[in-house]
Amino acid sequence: MSDVLLVEKLEGRIALLTINRPDKMNALNGEVRKALFETFRQLASDDDVRVVVITGAGEKAFIAGADIAEFKDARAVEQYRSMQAGNIYSLMEEFPKPIIAMINGFCLGGGCELAMACDMRIASVKARLGQPEVNLGIIPGGGGTQRLPRLVGEGHAMRLIMSGAMIGGEEAARIGLVEQVYPPEELREATLTLARTIGSRSPIALQAAKETILAARRMPLDEGLKFERAWFGMLFATDDKDEGVGAFLDKREPQFRGS
Ligand code: COA
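Since this is a predicted model, take the numbers as computed values, not measurements. (Residues numbered from 1 in each chain as written. Predicted model: local features only at pLDDT ≥ 70, side-chain atom pairs only at ≥ 80, totals over all residues. Heavy atoms only, no water.)

Focus: the nonpolar core
For the record, the criterion: What is meant by a nonpolar core is a set of buried Ala, Val, Leu, Ile, Met, Phe, Trp, Tyr and Cys residues, joined one to another through side-chain atoms within 4.5 Å. Exposure is judged per residue with a 1.4 Å probe applied to protein chains only, and the accessible area is read against the type maximum: over 50% gives exposed, under 20% gives buried, and values in between give partly exposed. Strands here mean DSSP runs of E at least two residues long; helices mean DSSP runs of H or I at least four residues long; both are numbered from the N terminus. Working rule for contacts: check all heavy atoms of both residues, and any pair within 4.5 Å makes them a contact.
In terms of nonpolar packing, the biggest core is built from 45 residues, with Leu36, Phe40, Ile103, Leu114 and Leu177 touching the most fellow members. With six residues, helix α1 (residues 30–44) is the single largest residue contributor to this core. Excluding residues within four positions of it along the chain, Ile103 makes contact with Phe62, Ala115, Arg121, Ile122, Ala123, Ser124, Ala127, Leu129, Val178 and Leu187.

Shown next, in the form of structure tokens:
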């Protein structure tokens, strides 16, 4: 296991990933990206894990962005290639299980982009979120210009990306950048409670939900509805459907096996 990414398996089939560079506000460097890549690849086929929660170590930061020190001597072609090769954001969207961002502090630049590549975002009221790349003479490069307007609308995306301003957790919830906010001392339990609930559901149904909801971004409505119907029909071939329906009719809790 890498020191810069802590991986804990918690009760409820949860994997808790903690980016662990608190002295650098958990900035994403090459080592963290590599560890995230390897960890998501392993967790994809780990049947003990049904949901992933990702957060930052310490009290101050979720992730304060890409490691700016690595930008200093980077040139165009090598930066373009490294973004292409190291696209953790797309990997997370393709990951077949739900991912929850637990945003405990500064969530900036590549950190905000990583949170947006998660399936949902739960934040502390003390979190500070933003896309401050313009302050460095660049723009978001990890999907910010594409995922932010889809979440908050074009106007708020323009405002945040063009001003580089940071907003608090409550404003982020109001505009749709995060789904829920909690006082810092309640954030972990509230997030893990949600994760446990999701982790108790059928893993195949969860994968179907993730794939169909994400498809809504790229498919016209008629294609999306067809895609949904195909997944819906396919789920009737699973043991988990028989278990879920049977448990409801027998008035007992279902035990989903993911088959
Ligand atoms: N990349 C590299 N190092 C970073 C970093 C980043 N994105 N964000 C913070 N750090 C480092 C600081 O350089 C500092 O390191 P040092 O102690 O070795 O000097 C350490 O983390 C603590 O940060 P500091 O700036 O002293 O804390 P602060 O509380 O005064 O400010 C922030 C916190 C997050 C507002 C500020 O660090 C910041 O603006 N960071 C950059 C955010 C950004 O532009 N991200 C997008 C990058 S594309």
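Here we look at the sheet that holds strand β1 (residues 5–10)
Keep this limit in mind: Paired strands are those between which DSSP finds at least two bridges. Axis angles are defined between N-to-C directions and span 0 to 180 degrees, where every axis is a line fitted to C-alpha atoms and, for a helix, only to the segment in contact.
An order of β1-β2-β3-β5-β7-β10 is seen for the six strands of this open sheet, with the pairing classed as mixed. For this open sheet the edge positions go to β1 and β10 (180–182), each flanked by a neighbour on one side alone. The mean angle between the axes of side-by-side strands here comes to 20 degrees, regardless of whether they run parallel or antiparallel. Sheet topology note: the strand β5 (residues 99–103)/strand β7 (residues 120–124) ladder contains four bridges and is parallel. Across the sheet, residue Met102 finds its bridge partner in β7, namely Ile122.

Section: the pattern of salt bridges
Heads up, the condition is: We define a salt bridge as a side-chain nitrogen of Lys or Arg found within 4 Å of a carboxyl oxygen belonging to Asp or Glu.
In total, this model carries 15 salt bridges according to the counting rule given. Note that Lys226 and Glu223 form a salt bridge whose closest N and O atoms lie 4.0 Å from each other. Separated by three residues within a single helix, Lys226 and Glu223 lie in helix α10 (residues 221–235), roughly one turn from each other. For Lys226, a relative accessible area of 47% gives the class partly exposed. A cluster of three or more residues bridged by salt bridges with shared partners is formed by Glu93, Arg147 and Arg217.

Side note on the sheet that holds strand β6 (residues 106–108)
Working definition: the strands of a sheet are paired by backbone hydrogen bonds and lie parallel or antiparallel to each other. Ordered by their spatial adjacency, four strands build an open sheet running β4-β6-β8-β9, and the pairing between neighbours is mixed. If you trace the sheet from one side to the other, it starts and ends with β4 (61–63) and β9 (166–168), each paired once. With strand direction ignored, the average angle separating the axes of adjacent strands in the sheet is 20 degrees. Bridge count for β4 against β6 is two bridges, and the pairing is parallel. In the sheet register, Ala61 faces β6, and the bridge partner there is Phe106. The sheet contacts of helix α4 (residues 110–117) involve β4, β6 and β8 (128–130), and relative to β6 the element is tilted by about 90 degrees.

Points about the site of the ligand
Under the convention used in this document: We call a residue near a molecule or strand whenever a single non-hydrogen atom of that residue lies within 4 Å of it. Polar contact is the term for a pair of N or O atoms within 3.5 Å; when the atoms are in protein, one must be able to donate a hydrogen and the other to accept it, and sequence-neighboring residues count only if both atoms are side-chain atoms. Computed by Shrake-Rupley with a 1.4 Å probe, the accessible areas treat only the displayed protein chains as cover when residues are assessed. Amino acids outside the nonpolar list (Ala, Val, Leu, Ile, Met, Phe, Trp, Tyr, Cys, Pro) and the charged list (Asp, Glu, Lys, Arg) are all regarded as polar, and Gly is one of them.
Taken together, 16 residues lie around the ligand, and Asp23, Lys24, Ala64, Ala66 and Ile68 are the ones closest in. Within the contact set of the ligand, a nitrogen atom lies 3.0 Å away from a backbone nitrogen or oxygen of Ala64. Within the backbone of Ala66, an N or O atom sits 2.9 Å from a nitrogen atom of the ligand. Taken by itself the ligand offers 860 Å² of open surface, and the protein chains cover 59% of this. Looking at the shell around the ligand, its residues break down into eleven nonpolar, one polar and four charged.

Quick notes on the domain arrangement of the protein chain
Heads up, the rule is: The domain limits used here are those given by an automatic or database domain assignment. Note: buried area is the sum, over both parts, of the accessible area (probe 1.4 Å) each one loses when the two are combined.
The domain boundaries assigned to the protein chain delineate domain 1 (5–199) and domain 2 (203–250). Domain 1 puts twelve residues into the contact, and the matching count from domain 2 is six residues. Summing both partners gives a buried area of about 770 Å² for domain 1 against domain 2, and 56% of it is carried by carbon and sulfur. Among the residues of domain 1 in contact with domain 2, Arg50, Glu93 and Pro96 are the three that bury the most area, contributing 50% of the side total. Along the contact surface separating domain 1 from domain 2 lie two salt bridges.

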